[in-house]
Amino acid sequence: MTAKSLLDMAINLLGYAYNDDLNRPALAYINQVCTDLSLAHGLDIVEVNSLADKINLPKAILKDVAVYGLAMWIALYRGDGERNQFFSQMYSMKRQKMTHTSSRADVLPTTEG
C-alpha cells in the first residue's frame, strides 16, 4: 500500500475532502504512525519520503490500525477535537489489540516443602 492510499483511507474515514495543504503534514504523520507501529511489532522502522512510496508494513497493520492513527493526527491538524478524540481511542484500542500476545508459558507448578 502506498502512503497516498493510506492517506485517502484516513480522509475517507474522517469524511473530509482532500486538499493539497495536507500533503506535507500528512507525510510526517504517516511516518510517526509507521514508526510507532514498527516499534510496537518489533519490526525495522519504516519511513516514507513521498506519498507515492510504498509502506513496508503488513497490510493488516496498515488497514486495521495505521489508518486510525493517521486519522487521529489529521483531525488534530484540522482542529477537530471530537474526531481527534474518537480516532485516538480507536487507534489506542486497535494498537493494543494487535500488540497483545495471547500465548502463555508452559510451566509446571512447584510446591515448597
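Residues numbered from 1 in each chain as written. Predicted model: local features only at pLDDT ≥ 70, side-chain atom pairs only at ≥ 80, totals over all residues. Heavy atoms only, no water.

Colleague: When you look at the nonpolar core in this model, what are you seeing that I'm missing?
Modeller: Note that soluble globular proteins tend to have their nonpolar side chains buried in a common cluster. Among the nonpolar cores identified, the biggest contains 35 residues, and L6, L7, I30, I55, L70 and I74 are the most heavily contacted of them. Apart from residues no more than four positions distant in its own chain, I55 is found in contact with M1, T2, A3, L6, I30, C34, V46, V48 and L62. (Core = buried A, V, L, I, M, F, W, Y, C linked by side-chain atoms within 4.5 Å. Buried < 20%, exposed > 50% of the residue type's maximum accessible area, 1.4 Å probe, protein only. Contact = heavy atoms within 4.5 Å.)

Colleague: Would you mind showing me how to read the pattern of salt bridges here?
Modeller: Oppositely charged side chains are able to pair whenever their charged atoms sit close together. One pass over the structure, following the stated rule, counts three salt bridges. Salt-bridge contacts for R95 lead to D36; the nearest nitrogen and oxygen are separated by 2.9 Å. With R95 in helix 4 (residues 81–99) and D36 in helix 2 (residues 23–40), the pair connects residues that are 59 residues apart, well separated along the chain. Given a relative accessible area of 26%, R95 falls into the partly exposed group. (Salt bridge = Lys/Arg side-chain N within 4 Å of Asp/Glu carboxyl O. Helix = DSSP H or I, 4+ residues; strand = E, 2+ residues; numbered from the N terminus.)

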